[in-house]
Amino acid sequence: MRGATHAKWAAGAAAIALAATACGSGGGGGGGGGGSGSGIVSSSWGDPQNPLEPANTNEVQGGKVLDMIFRGLKRYDAKTGAAQDMLAQKIDTSDSQNFTITVKSGWKFSNGEAVTAQSFVDAWNYGASLKNNQKNAYFFGYIDGYDKVHPDTGTQSADKLSGLKVTGTDTFTVKLNQKFSTFPDTLGYVAYAPLPKAFFNDHAAWLKKPVGNGPYSVDSYSKGSLMSLRKWDGYPGTDKAQNDGVDLKVYTDNNTAYTDLIAGNLDLVDDVPASQLKNVKSDLGGRYINTPAGIIQTLAFPFYDKNWDKSGSEKVRKGLSMAIDRDQITNTIFQKTRTPATDWTSPVLGKDGGFQDGLCGGSCTYNPTEAKKLIQEGGGLPGGQLKISYNADTGSHKEWVDAVCHSVNNAMGNDKACVGNPIGTFADFRNQITQHKMSGPFRAGWQMDYPLIQNFLQPLYYTNASSNDGKWSNKDFDKLVDRANAETDRAKAVSLFQQAEGVVRDNMAAIPLWYQNGSAGYSDRVSHVALNQFSVPVYNEIKVS
Amino acid sequence: MGRYVIRRLLQMIPVFIGATLLIFLMVNVMGDPIAGLCGERQCDPATATQLRKEFGLDQPVWQQYLTYMGNVFTGDFGTAFNGQPVTELMGSAFPVTIRLTIVAILFEIVIGITLGVITGLRRGRPVDSGVLLLTLVVISVPTFVTGLLLQLLLGVEWGWIKPSVSPDAAFGELIVPGLVLASVSLAYVTRLTRTSIAENRRSDYVRTAVAKGLPRRRVITKHLLRNSLIPVVTFIGTDIGALMGGAIVTERIFNIHGVGFQLYQGILRQNTQTVVGFVTVLVIVFLVANLLVDLLYAVLDPRIRYA
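The structure presented is a predicted model; accordingly, all values stated were derived computationally and were not measured. (Residues numbered from 1 in each chain as written. Chains lettered and ligands numbered in written order. Predicted model: local features only at pLDDT ≥ 70, side-chain atom pairs only at ≥ 80, totals over all residues. Heavy atoms only, no water.)

A. Here's a closer look at the environment of Lys165(A). Residue and element names in this part refer to chain A. Looking at where Lys165 falls in the secondary structure, it is placed in strand S6 (residues 164-166). If we ignore the near neighbours within four places in the chain, the residues touching Lys165 are Phe172 and Thr173. Here the side chain of Lys165 touches Ser162 through a polar contact of 3.4 Å, landing on its backbone oxygen. (Helix = DSSP H or I, 4+ residues; strand = E, 2+ residues; numbered from the N terminus. Contact = heavy atoms within 4.5 Å. Polar contact = N/O pair within 3.5 Å; in protein donor to acceptor, adjacent residues only side chain to side chain.)

B. Focus on the interface of chain B and chain A. Of the residues lining the interface, 60 residues belong to chain B; the matching set on chain A comes to 68 residues. Between chain B and chain A, the buried area comes to about 5,700 Å², and carbon and sulfur atoms account for 59% of it. When the area that chain B buries against chain A is broken down by residue, the three leading residues are Glu40(B), Arg41(B) and Gln42(B), summing to 13%. Linking chain B with chain A are one salt bridge, by the criterion used here. Across the pair Arg252(B) and Asp253(A) runs a salt bridge whose closest N-O atoms are separated by 3.4 Å. Seen at the junction of chain B and chain A, the total is 16 residue pairs in polar contact (both at pLDDT 80 or more). Of all elements in the fold, only helix H2 (45-54), helix H4 (86-121), helix H6 (143-157), helix H7 (175-200), helix H10 (248-253) and helix H11 (259-268) of chain B reach the threshold of two or more residues within the side of chain B that touches chain A. Taken together, the residues of the side of chain B that touches chain A sort by class into 30 nonpolar, 18 polar and twelve charged. (Buried area = accessible area lost by both parts, 1.4 Å probe. Salt bridge = Lys/Arg side-chain N within 4 Å of Asp/Glu carboxyl O. Nonpolar A, V, L, I, M, F, W, Y, C, P; charged D, E, K, R; others polar.)

C. Expanded view of the pattern of salt bridges. Residues and elements named next belong to chain A. The final tally for this structure, using the stated rule, is 20 salt bridges over all chains. A salt bridge links Asp85 to Lys74; its shortest N-O distance comes to 3.1 Å. Taken together, the residues span a long stretch of sequence, with Asp85 in strand S3 (residues 83-85) and Lys74 in strand S2 (residues 74-76) at a distance of eleven residues. Under the relative-accessibility criterion, Asp85 is labelled partly exposed at 37%. Through salt bridges with shared partners, a single ionic network connects Asp67, Arg71, Arg75 and Asp239. (Buried < 20%, exposed > 50% of the residue type's maximum accessible area, 1.4 Å probe, protein only.)

D. Structural context of the sheet that holds strand S4 (residues 88-93) of chain A. Residue and element names in this part refer to chain A. Strands sit in the order S4-S5-S7-S6 across an open sheet of four strands; the sheet is antiparallel. Looking at the sheet topology across the chains shown, the edges are occupied by S4 and S6. Averaged over all neighbouring strand pairs, the angle between strand axes comes to 20°, with direction disregarded. Here five bridges tie strand S5 (residues 98-103) to strand S7 (residues 171-175), and the two strands are oriented antiparallel to one another. Along S7, the bridge assignment pairs Ile101 with Phe172. (Pairing = 2+ DSSP bridges. Axes fitted to C-alpha atoms, helices over the stretch in contact; angles between N-to-C directions.)

E. Focus on the packing of aromatic side chains. Residue and element names in this part refer to chain A. According to the stated counting rule, one finds 38 aromatic pairs over all chains in the structure shown. On the basis of an interplanar angle of 80° and a centroid distance of 4.8 Å, the ring pair of Phe199 and Trp206 is categorised as edge-to-face. With relative accessibility at 1%, the residue Phe199 sits in the buried group. For the pair Tyr461 and Phe477, a centre-to-centre distance of 6.3 Å together with 85° between the ring planes defines the contact as edge-to-face. You can see Tyr461 sitting in helix H16 (residues 453-461) and its partner Phe477 sitting in helix H17 (residues 475-486), a full 16 residues away along the chain. The same class applies to Tyr461 as to Phe477, namely buried. Directly above the aromatic system of Phe301 lies the positively charged group of Arg317, at a separation of 6.0 Å from the ring centroid. Between the NZ or CZ atom of Arg338 and the centre of the ring of Phe334, over which it lies, the distance is 4.1 Å. (Phe/Tyr/Trp six-rings, centres within 6.5 Å; stacked < 30°, edge-to-face > 60°. Lys NZ or Arg CZ within 6 Å of the ring centre and 35° of its normal.)

F. Representation of the packing of H17(A) against helix H18 (residues 490-507) of chain A within the structure. Residue and element names in this part refer to chain A. With their axes 8 Å apart at the nearest point, H17 and H18 run at an angle of 170° to one another. Our classification of the angle between H17 and H18 gives roughly antiparallel. In this structure, H17 contributes Asp476, Phe477, Leu480, Val481, Arg483, Ala484 and Asn485 to the contact, and H18 contributes Ala493, Leu496, Phe497, Gln499, Ala500, Val503 and Val504. Residues that form the contact of H17 with H18 fall into these classes: ten nonpolar, two polar and two charged. (Parallel < 35°, antiparallel > 145°, perpendicular 65-115°, else oblique.)

Now the structure itself:
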């Protein structure tokens, strides 16, 4: 709390006067709910935006829960990010297009139902079907028959994906509509989780109290305030919960969660508020985690606007990239919880996974004089002024956008070269983006779905891809991605993706800003706390002392 | 009296319709909420269309409004984006905020009026100046500063309270948040009472009462205070609505899952159903509180009659 020392005595006196009148009647009234049982970890949580279904959850808060109560065919190693077999006995393919999946036998849902091949096929069919409104439906887009189950317009002509066939209790086959060599590695994503019969039989009841096959089961769920998860003793996996359970408490504000942690009422905060980053070391000492996550922030451009898509404009974009002092902004505004980006993926992929430190080269190095020269060579800023759009409601984007503009203004030697363009709500911001109303660069963030270089490139830069918000299109890039997906050899596929990333660089399709870290703080009651590469705590590893 | 109440109740109908329509239009002007539902990526067009249909967002606004009002009269306030009926959200949020408001109003009445009477009777004395100075400080310091400071001092430094309120939000836990919420209004109540008391002290009926030889206590409570309370009651009455709707800051600081929290979430997610539903109820609360205040006048001052 900045400035508290000054105001402390003056306001403290007022506080005592006010409190003196109140606390006689029992100001210490704690009530129930705060303190958890002995082996239970209490953790901060945000109210999930969507109903908690595997194929309908696309944000971190809901994902956190699903990660605790579900296990899929694959699971990403918390440290390396490598996709490892979980429920998958084996996944065979000879042509990168037809896969035979064998599910390990003996697994059960926490209500006693067995997990079979059918549990997966039912879940995937449900997720893909248009009538179920699942927001992650596009994950099944590679499976044959998706266009029938989930057409772009009109009503669906089939209820089931024709590419999925159950061939035995524990086996099923998947036929894709194109070659996709790294498809098995995507199966760790929660949208591919199996679902029990109970989900289909009584959907409303299931949503009230989800049942999965993970190390935890839901003990109670009061929407908007608290979810109690308890260790499921019948869990057959090797990654059993090391604690008795987790209480996820919804906080109205992450500052309050942090205060609760400091006061000893909470064990884990997985989102340290920006305003507290200065104090976090003195408050928590070694109990603060700041590790890279698979998140990159970029500035995207509206390529549907002719001003941004004429010859020479790539020089303007490169110039702008050079005009941004990434080091200074990540140090001062983000207190080193972001790392200046030097490519378009994330360090969590590792060298083998396709991360290439310094791929961006000089274009991402701060160089104001060269920046000004390049921008002028490219025909100057379109419209004479740069407006960077961002949503002002969450995420304190204003601070860094202003800093980026300041940096650009300095490079251009013009106070009005760049201004921030705040948009009131996230919904409206997304609205203007999807309706192609942007006239200048806008804030873009990408959190990976699975740790694959494919996930950092294809959805964002492939022609008409789902998250290609700037409508960038490049034939060379598309060709390289197609070839990479068809490649059965993993190393070769990665290198082809890297070549495709080279095309992104040469055109500066988006300006990479910084990689984001996950930050968390925890109490001295718990140990073995770590964040995985999605910046979600690895709850089942946490030990309570 | 009965006719007056009926007339007032009838007047509420146009206010109610106007207020909901305004809120409805305002939330709609902000654009398509579905766009924000899919996070940083674009919803696939088919799912987006489907969702829009499900929430009725594909209809023209006037039709949406008519359907909405039609549903409201059958007690259906629609569904929030997370699949919960809005009435369920209200069921969990309103009791909490009502408790918080009760605590705040009690503080205003007990502390505010007591201090006001004391200072009003002792005008110009040190007590008076001291309380005036204190109220000035309270009024000038924003609620979030008072809230965060109390939370830091009482919750973290001294450990007297828990910094955050648990989901059940019992009365005991709401004392400090209630005080924070009440603080500014409390200062106004003190000042209002003080001025009113000081003024009426010199009036004829008080002089008569004193001259009749009535005990001081009776003069103050029955004659002086009763008449002086009219402006104060007006203020507290309108404050009920203001406190319930304006609890956003306090609720955020102390992690109270009340109306403020739900409204804030609703606005962030541009959830028309949640926002309009909650505001509608708040409008009703405001109107009823005002009616009660007007009726209380007659109790305080028998000269006031309603025809």
